[in-house]
Amino acid sequence: MPRLVLLRHGQSQWNLENRFTGWVDVDLTDQGEAEARKGGTLIAEAGFIPAVMFTSVLKRARRTGDLALAAAGLKDVPIVRDWRLNERHYGGLTGLNKAETTEKHGEDQVRIWRRSYDVPPPPMETDHAHSFADDPLYEGQAIPETESLKTTLDRVLPYWDAEIAPRLSAGEDVLIVAHGNSLRAIVKHLFAVPDDRIVGVEIPTGNPLEIDLDSDLVPTDARYLDTGRAAELPPLPEKQA
């Protein structure tokens, strides 16, 4: 049966600065690089050898994947990068300090933008300092102006169905290195997490989540490889009769 490992990128510079990052292409901190390497070491210790690695197009995920593979001694794993595995687009909040945004708009409003399932932040204006309208990474794509977790899932799931699930169904082990919200979307789909509970699912940086799947790609077991800093997993879905 196939195995899937989900790895959230290591700490980024804007994680450290407590800013809404979204699609801004910031790099890893020294701590983030160390988290990526440790993730790779844990993958090697688990005997996990992926047939393919999927990542987003953002540097923090790409570099995490590269560092993890190198630390695991995996040199020939094919890599597929796609913007549909990007972090959630934070719209007009992009680049803002989270604490300052809370002071300006109030804790309740910011909590709704950050943690509700289907309420997006305000859209990004065309003259925003971090506009992606002319970014060559997204040339020819109909990119959003903002996203909720729901609309993040709406773009991740078709990519999962078209590109990732067929590899798993063919019996291949797969590594996905992406972001808190794009990975949360995959976890919601696999574990059938209700809308009102998925926003509370936390995926720690740099800690590989290994998931055993059956032939229908339903999880049969799951574990964080760094047991010393594991987050709580959602319950396994009940097998349909």
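As a convention, each chain's residues are numbered from 1 in the sequence order in which they are written. Totals for whole chains, interfaces and linings use every residue, but because this is a predicted model, local features are given only for residues with pLDDT of at least 70 and side-chain atom pairs only at 80 or more, for both listing and counting. The side-chain figures draw on all heavy atoms in the structure; neither hydrogens nor water molecules are used.

Q: What exactly am I supposed to notice about the pairing of strand E5 (residues 209–213) here?
A: Relative accessible area decides the class of each residue, using a 1.4 Å probe on protein chains only: under 20% of the type maximum gives buried, over 50% gives exposed, and in between gives partly exposed. In this text, helices come from DSSP runs of H or I with a minimum length of four residues, and strands from runs of E with a minimum of two, each type numbered from the N-terminal end. By the criterion of burial, E5 is predominantly enclosed, with five of the five residues buried. Residues of E5 alternate between two faces, with Leu209, Ile211 and Leu213 on one and Glu210 and Asp212 on the opposite face, all of them buried. Here a strand pair is declared whenever DSSP counts at least two bridges between the two strands. Looking at chain direction, strand E1 (residues 3–8) and E5 are connected through four bridges and run antiparallel. The partner of Leu4 across the bridge, within E5, is Ile211. Strand direction decides the pairing type here: E5 and strand E6 (residues 219–224), joined by five bridges, are antiparallel.

Q: Looking at this structure, how should I read empty space enclosed by the protein?
A: Where empty space is left in the structure can be found by rolling a water-sized probe over the atoms. Only protein atoms enter the 1 Å grid, on which a cavity is a set of points fitting a 1.4 Å probe that cannot get out and a pocket is an open set with protein on both sides within 12 Å along at least 5 of 7 lines, lining residues being those with an atom within 4 Å of a point. Grid points are joined across faces, edges and corners, and a volume is the space filled by probe spheres set on the points. Throughout the structure, instances matching the rule amount to two cavities of 30 Å³ or more. Taken together, Arg88, Arg114, Arg115, Ser116, Leu149, Asn181, Arg184 and Val199 make up the lining of the largest cavity. Listing elements by their share of the lining of the largest cavity, those giving two or more residues are helix H5 (107–115) and helix H7 (180–191). Residues belonging to the lining of the largest cavity are distributed by class as follows: two nonpolar, two polar and four charged. Its boundaries defined by the atoms lining it, the second largest cavity holds a volume of some 30 Å³. Considering the residues around the second largest cavity, the lining is formed by Val187, Val201, Ile203, Leu209, Tyr224, Glu232, Leu233 and Pro234. Put simply, Ala, Val, Leu, Ile, Met, Phe, Trp, Tyr, Cys and Pro go in the nonpolar bin, Asp, Glu, Lys and Arg in the charged bin, and everything else, Gly too, in the polar bin. Along the lines of polarity and charge, the residues of the lining of the second largest cavity split into seven nonpolar, no polar and one charged.

Q: How should I be thinking about the nonpolar core in this particular structure?
A: When a protein is soluble and globular, its nonpolar side chains tend to lie buried together. Definition of nonpolar core: a set of buried residues of the types Ala, Val, Leu, Ile, Met, Phe, Trp, Tyr and Cys, connected through side-chain atoms within 4.5 Å. In terms of nonpolar packing, the biggest core is built from 34 residues, with Leu4 and Ile176 touching the most fellow members. At the level of elements, E1, strand E2 (52–55), helix H6 (149–169), strand E4 (174–178), H7, E5 and E6 are the ones that each hand at least two residues to this core. Top contributing element to this core by residue count: H6, with eight residues. Contacts between residues were defined by any pair of non-hydrogen atoms, one from each residue, lying within 4.5 Å. If we skip the residues at most four places from it in the chain, Ile176 touches Leu4, Val5, Leu6, Leu7, Phe54, Leu85, Trp160, Ile164, Leu183 and Ile186. Listed in part, the 14 residues of the second largest apolar core include Leu7, Ile43, Leu69 and Leu225.

Q: In this structure, what is going on with the packing of helix H4 (residues 98–105) against H5? I would like to understand it.
A: Working note: a packed helix pair is described by the angle between its axes plus the distance between those axes. Put simply, H4 and H5 touch, their axes get as near as 7 Å, and they point 125 degrees apart. On the basis of the axis angle, H4 is oblique to H5. Side by side, H4 and H5 meet where Lys98, Thr101, Thr102 and His105 of the first sit next to Glu107, Gln109, Val110, Trp113 and Arg114 of the second. Here the residues of the contact of H4 with H5 sort into two nonpolar, four polar and three charged. Lines fitted to C-alpha atoms define the axes, with helix axes restricted to the stretch in contact, and inter-axis angles between N-to-C directions lie between 0 and 180 degrees. Note that the term roughly parallel is reserved for angles under 35 degrees, roughly antiparallel for angles over 145, roughly perpendicular for angles of 65 to 115, and oblique for everything else.

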